[in-house]
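# Notes for the structure review
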Amino acid sequence: DMKEAKEDADSYDKMIEARQESAEGYEHALLAAEIGIVIASVALLLSNRIVWGVSLVLAITCVGTSGYTFQQSRHDVEEAKAKIQRAADNVIQLEKDDESE
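All figures in this text were calculated on a predicted structure; none of them were measured in a lab. (Residues numbered from 1 in each chain as written. Predicted model: local features only at pLDDT ≥ 70, side-chain atom pairs only at ≥ 80, totals over all residues. Heavy atoms only, no water.)

### Structural notes on the packing of helix α2 (residues 13–46) against helix α3 (residues 49–100)
Applicable threshold: Helix axes are fitted only over the stretch in contact, all axes being lines through C-alpha atoms; the angle between N-to-C directions runs from 0 to 180 degrees. Labels follow the DSSP assignment, with helices taken as runs of H or I lasting at least four residues and strands as runs of E lasting at least two, numbered in each case from the N terminus. Oblique is the label for every angle not falling under 35 degrees (roughly parallel), over 145 degrees (roughly antiparallel), or within 65 to 115 degrees (roughly perpendicular). Side-chain classes follow a simple rule in which Ala, Val, Leu, Ile, Met, Phe, Trp, Tyr, Cys and Pro form the nonpolar group, Asp, Glu, Lys and Arg form the charged group, and the remainder, Gly included, forms the polar group.
Relative to each other, α2 and α3 sit at 170°, their axes nearing to 8 Å. With respect to α3, the element α2 is oriented roughly antiparallel. Looking at side-chain class alone, the contact of α2 with α3 contains 20 nonpolar, 10 polar and 6 charged residues.

The structure is reproduced here in structure tokens:
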């Protein structure tokens, strides 16, 4: 029973890891957006197109990072859901086996 409980608990580790990694990825995207906003504000104050270009690069970085994080986390979460489902199916099968004995 202890082994089954450990397997069930371990099946959630991948989901936790996927969620933590996606949160970190979105945090990086948010940071790029915030820095881009500050640089864009400075560019407007200075009327400087080069600085404005830097803010646009950061905006593109933000969108790219968000997209990559979304795709990666979606893939990782699907894998984690499958692992959780296999563990749940295993528990159900073990309970059926225990009842039949």
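### Considering unusual backbone geometry
If a residue is not glycine, its phi is most likely negative; likewise, a peptide bond is most likely trans. The backbone phi angle of S47 is positive, close to 55°, even though this residue is not glycine. In this structure, S47 sits in the loop between α2 and α3.

### Considerations on α2
Spacing of three or four residues puts side chains on the same side of an α-helix, whose turn is 3.6 residues. How we decide: Helix span is expected to be 1.5 Å times the residue number reduced by one. Relative accessibility decides the category of a residue: with a 1.4 Å probe and only protein chains considered, values under 20% of the type maximum give buried, values over 50% give exposed, and everything between is partly exposed. Contacts are assigned to residue pairs that have any heavy atoms within 4.5 Å of one another.
Helix length check: α2 (34 residues) gives 50 Å between terminal C-alpha atoms against 50 Å at 1.5 Å per residue, within 8%. Residues M15, A18, S22, G25, A29, A32, G36, A40 and A43 constitute the buried set of α2. Looking at the buried residues of α2, the elements they touch are α3. Looking one or two residues beyond α2, the residue adopting positive phi is S47, at roughly 55°.

### Concerning the confidence of the model for the protein
Note the threshold: Per-residue confidence from the predictor is reported as pLDDT, which spans 0 to 100.
For the protein, the mean per-residue pLDDT works out to 89, and 98% of the residues sit at or above 70. Helix α1 (residues 2–10) is the least confidently modelled element of the protein, averaging 75 in pLDDT, while α2 averages 93, the highest of any element.

### Notes on a negative patch on the surface
Our working rule: Patch building starts from residues that exceed 30% relative accessible area and form no salt bridge, then joins like charges within 9 Å and nonpolar side chains (Val, Leu, Ile, Met, Phe, Trp, Tyr) within 5 Å. With residues, only the protein chains shown are counted as cover, and all accessible areas are computed by Shrake-Rupley using a 1.4 Å probe. A carboxyl oxygen of Asp or Glu within 4 Å of a side-chain nitrogen of Lys or Arg is what we treat as a salt bridge. When charges are counted, Lys and Arg contribute as positive and Asp and Glu as negative, whereas His and the chain ends are disregarded. In plain terms, the charge of a residue is placed at NZ if it is Lys, CZ if Arg, CG if Asp and CD if Glu.
A cluster of acidic residues, D13, E17, E21, E24, E27 and E34, forms a negative patch on the protein surface. By the secondary structure assignment, E24 is in helix α2.

### Regarding the pattern of salt bridges
Two side chains with opposite charge may pair up if their charged atoms get near one another. Per the stated rule, a full pass over the model turns up 1 salt bridge. The salt bridge involving K14 is made with E79; its shortest N-O contact spans 3.6 Å. On the criterion of sequence distance, the pair formed by K14 in helix α2 and E79 in helix α3 is long-range, its members being 65 residues apart. For K14, a relative accessible area of 29% gives the class partly exposed.

### Quick notes on the packing of α1 against α3
So the rule is basically this: The crossing is said to be left-handed when, going from far helix to near helix, the turn is anticlockwise and less than a right angle, and right-handed when the turn is clockwise.
As a packed pair, α1 and α3 sit with axes 9 Å apart at the nearest point and diverge in direction by 160°. One element, α1, and the other, α3, form an angle in the roughly antiparallel class. The two elements α1 and α3 cross, and the hand of that crossing is left-handed. Taking contact as the criterion, the partners of E4, E7, D8 and D10 in α1 are, on α3, K83, A87, N90 and L94. Grouping the amino acids of the contact of α1 with α3 by side-chain chemistry returns 2 nonpolar, 1 polar and 5 charged.

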